[in-house]
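Structural features, examined
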Amino acid sequence: MPNIIMPRFLLLLVLGPAILLAAAGATAQSDETLIVWQAGDDPGWSAADLDTSDWQSLAHYSGAQDGLFWIRARLGAPALDSPLLSIRSNAAYEVFLDGRAIGGSGRPGEPGDAQRPELTHIGVPASLLTEGRHVLAFRIDGASVADGDAAFLRFELDEAATVARADRRRDAMDGAAALLAGFLLFTAAGIWIWGTRRIELIMVVGLCAGAIVIFLLDTDGRAFAVPLLPPFAAVILLTLASMAIYTLAAAIIHRRLMLGRPRLWAVLAGLCLVVALLPWPFGGMESDQQAFLLLALLAGAMSLSAWSRRPRQAPIYAAASLICLAAILVFGEQLRIFLALLVALISVSMIVDVVLGEIKIRRAELRASRLQAALVKRNIQPHFIMNSLTVALELQETDAAAARDFIRALSEEFRSLASMIEQTRVTLREELALCHSHLKMMALRLEAQLTLETEGLEETAECPPGLFHTLIENAISHNRYDGQRVTLSLTAKANGSGTTYLLRVPVLGARAASALGSGSGTRYIEARLEEFAPGRWSFEAAPDGEDWVSRIHIAGVGE
Amino acid sequence: MSRVNILIVEDEPIVARRVERHCRAALGEGAGRIERVDGVEAAVDQLQTGDFGLVMLDLNLHGEDGFSILDRMTSHSAHTIIVSAYADQAARAFDHGVLDFVTKPFEAERIALAIERFRGKAETRSEKARYLSFRNGRRIERVSLDEVSLVRGADKYAEVVLGDGRVKLHDKSIGKLAALMPDNFMRVHKSWIVRLDGVERLESFPGNRHELILKTGERAPVSRSLIGQVRALFQ
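Please read all numbers here as calculations on a predicted model, not as lab measurements. (Residues numbered from 1 in each chain as written. Chains lettered and ligands numbered in written order. Predicted model: local features only at pLDDT ≥ 70, side-chain atom pairs only at ≥ 80, totals over all residues.)

Along chain B, the regular secondary structure elements total seven helices and 17 strands. Relative to its full complement of 235 residues, chain B shows a buried share of 40%. Expressed as a percentage of contacts within chain B between residues at least 6 apart in sequence, the contacts between residues at least 24 apart total 53%. (Helix = DSSP H or I, 4+ residues; strand = E, 2+ residues; numbered from the N terminus. Buried ≥ 20, exposed ≤ 12 C-beta atoms within 10 Å, placed from the backbone. Contact = placed C-beta atoms within 7 Å.)

This is the structure we're talking about:
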């Protein structure tokens, strides 16, 4: 089927109309011996038996024509009952069949008559289009095309009924695809507005919007039939839509697969675009088909690159890339099938991701609840609470004043604890208050002198609740501080990467130093630090001389 | 009445004082020497050198899991009474052969009851031992009571005869072991405890002498005062 189409891909944005017109010629390479063109104007050029040996093939189409030019195409027409010629062009033209004018669009040759190109169906009298060879001649006015644009022309000859059926099928498919893209667009936008504000959702919105534009306006030049939309603007709109789909699809896949080296992949994507615009020696595909085929290959390469690090997602994306690749190769002419697949796959992937994200959030909430429960549990554990009550009973029976002091200290600790149970972060002032009240209560219980010295602490800085309290509690329960005078020290040092806290406690009669750095207390601290500063903390504990030193570094705090 | 020496193993000084105070009150004149230690090693040292009849043991000493040392305690001749905050661990503690389990916080009356049980003047708890722990040099060996066929008194120790014929010597007297044994064991004589399902028949001899013939071929004498209960069991 004769097919002269201007590829819109990257038009104006990257290369420019002249090169694109050369590429246009290349797209119709297989028909170049049947289709010839000539600049100028001569009413005799419509004649069926014109000698066109001095005309040029489309391979030598040299660029935008400012004035009138002609295109002639030789047809081998089948026997048709009701032939219908469908023509799409962005220029004013007249069309002749074997020298007889059969229709046109606009008034070529007349100044200031910029055309609004649209799909035109021209009924051809069956008597004129008998079975056999015919010549179609187009008189085209290059000046009628919008500035900066280049003329394109596309025509098909078929039975009227067949054309009508094809139109209906195409319209239904475009409508359904646009509806799907619209639904996904609003879903992604809704999630972004009311849910999680992830950049990928905006990318999906852009991708869907681009796809809708293509579905509704690209086919058969509908974009050029939109009132108040100049042809130049229509070209820009379609180009932007194609660009948006290409770049956003590549970016979304890159982000979803959590690949590194964004510049490398951006360069590769750009290279694919350039390669897509070059004439390919096989397939006769248009450059936008070539671009999306390369995009599918690029997505496949991304999947393979992420295979080991993203064992769940990478195979899905690899499979999707293969499906899209097959769609382009099988339905190359109907690029919207590929676009519909691309939109559906990426959007489904995003929705799955959002669902998984919700599950992750719920797990995080559950973990936070567990940590709250752990904080409470550690302080009402039998060993702590029952021993405290036993001490209270004994003091109440033997030393009423001491019993009052002890109960007051115990209450103070629980009050501090209660105020921070539901928090995920507290100020150091609050944390230190809890530590001091614990030390006071334990000093009474163990008949010891327990002191905490601090240095360099910014009391308004934040930390996870119960962080140092847990370490101090561990130190007391694993050492023999009863009856002793013990000083613990907590220092903070801020540096370029964050803040480092050092808690130094004396080791007195501990069964094994390692016991101080293991167990549920350590697990609690690690879980709280992860909740407080995900992936940005470190916690080490080791003996240092006569002491046991716990070192906590939190990046990005106190810089 | 002989005086009882008590070893209190507790890492909190005020709680240890409370245990001591209530033990003294419960034993009255029967209270002998009472030592307080705050760790396992000190407790083991004391048990090797001192003549203690009772150990009052906390199960959580400076963060250590008390069950890791429980077999070392129960292998000694002294009875062990747990004084712990972990009430949910009571059944497990009884499996190891402790005499009683006092949960914190406790009142004087509860310590008094534990002392009564120690002195055999009160019913022991329904939970009984499932294991016996034996000292073998520095090693502690735990044996399931399912393997035990009978126990013979041997002065202040007890010989524990296993089903496969091996004999193990336990530091506790037969009287103390009897207080720990489950219901499928019966003290049929002041020096004999037999496993009831291991008995083949009861034989009587002139002079009102009676013996239980065990399936292993062992013969265990039956006290005249207990023959009625034994006959009732086998009828």
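Residue and element names in this part refer to chain A. Where helix α9 (residues 382–398) contacts helix α10 (residues 400–420), the axes come no closer than 7 Å and their chain directions differ by 155°. The orientation of α9 with respect to α10, classified from their angle, is roughly antiparallel. When α9 is examined against α10, the residues Ser 388, Val 391, Ala 392, Leu 395 and Gln 396 are found in contact with a partner set consisting of Ala 400, Ala 402, Ala 403, Phe 406, Ile 407 and Leu 410. A breakdown of the residues in the contact of α9 with α10 according to their chemical character gives nine nonpolar, two polar and no charged. (Axes fitted to C-alpha atoms, helices over the stretch in contact; angles between N-to-C directions. Parallel < 35°, antiparallel > 145°, perpendicular 65-115°, else oblique. Nonpolar A, V, L, I, M, F, W, Y, C, P; charged D, E, K, R; others polar.)

Right, let's talk about the confidence of the model for chain B for a bit. All names here are of chain B. With 97% of its residues at a pLDDT of 70 or more, chain B has an overall mean of 88. No element of chain B has a lower mean pLDDT than strand β5 (residues 64–65), which averages 73, and none a higher one than helix α1 (residues 13–27), which averages 95. Scored as a whole, the predicted complex attains pTM 0.56, and scored at its interfaces, ipTM 0.82. (pLDDT = per-residue confidence, 0-100.)

Another point: the pairing of strand β4 (residues 68–77) of chain A. Residue and element names in this part refer to chain A. Taken together, the five bridges between strand β2 (residues 35–39) and β4 define a ladder with antiparallel strand orientation. Bridging across to β4, Ala 39 finds its partner in Phe 69. Across ten bridges, β4 lies against strand β9 (residues 132–141) in antiparallel orientation. Bridging across to β9, Leu 75 finds its partner in His 134. (Pairing = 2+ DSSP bridges.)

Contacts between the two partners involve 21 residues from chain A and, on the opposite side, 17 residues from chain B. Of all the secondary structure elements, the ones that give two or more residues to the side of chain A that touches chain B are α9, α11 (428–446) and α12 (467–478) of chain A. Ranked by residue count, the leading element in the side of chain A that touches chain B is α9 of chain A, at ten residues. Split by residue class, the side of chain A that touches chain B holds eight nonpolar, seven polar and six charged.

Turning our eyes to something else, we now look at unusual backbone geometry. Here Lys 104 of chain B and Pro 105 of chain B are connected by a cis peptide whose omega angle stands at -5°. In this structure, Asp 98 of chain A is a non-glycine residue whose phi angle is positive, near 50°. Relative to the helices and strands, Asp 98 of chain A is located in the loop between β6 (92–97) and β7 (100–105).

Let's shift gears to the sheet that holds strand β16 (residues 537–544) of chain A. All names here are of chain A. With mixed pairing, the five strands of this open sheet are ordered in space as β12-β14-β15-β17-β16. In this open sheet, the two strands that pair with only one neighbour each are β12 (449–455) and β16. On average, each strand axis in the sheet is inclined to that of its neighbour by 15°, with strand direction left out of account. Of the strand pairs in this sheet, β12 and strand β14 (residues 485–495) are connected by seven bridges, and their pairing is parallel. When the sheet's bridge partners are listed, Leu 452 is paired in β14 with Leu 488.

Glancing now at the sheet that holds strand β3 (residues 56–57) of chain A. Residues and elements named next belong to chain A. Across the sheet, six strands lie side by side as β3-β2-β4-β9-β6-β7; this open sheet has antiparallel pairing. Of all strands in the sheet, those bounded by a partner on one side alone are β3 and β7. The sheet contact formed by β6 and β9 spans six bridges and is antiparallel. Bridge pairing in β9 links Val 95 to Phe 138.

Residues and elements named next belong to chain A. For helix α7 (residues 313–330), which comprises 18 residues, the first-to-last C-alpha distance of 26 Å matches the rise-based estimate of 26 Å (1.5 Å per residue) to within 8%. Restricting attention to buried positions, one finds in α7 the residues Ala 314, Tyr 317, Ala 320, Ser 321, Cys 324, Ala 327 and Ile 328. For α7, the angular spread of the buried residues around the axis is 140°, confining them to a single face. (Expected span 1.5 Å × (residues − 1). Arc of directions from axis to C-beta.)

On to the pairing of strand β2 (residues 31–37) of chain B, then. Residue and element names in this part refer to chain B. In this structure, strand β1 (residues 4–9) lies alongside β2, joined through five bridges in parallel fashion. Bridge pairing in β2 places Val 4 opposite Ala 31. Each parallel crossover has a hand, and the one from β1 via α1 to β2 is right-handed. (Right-handed = clockwise from strand over helix to strand, strands pointing away.)

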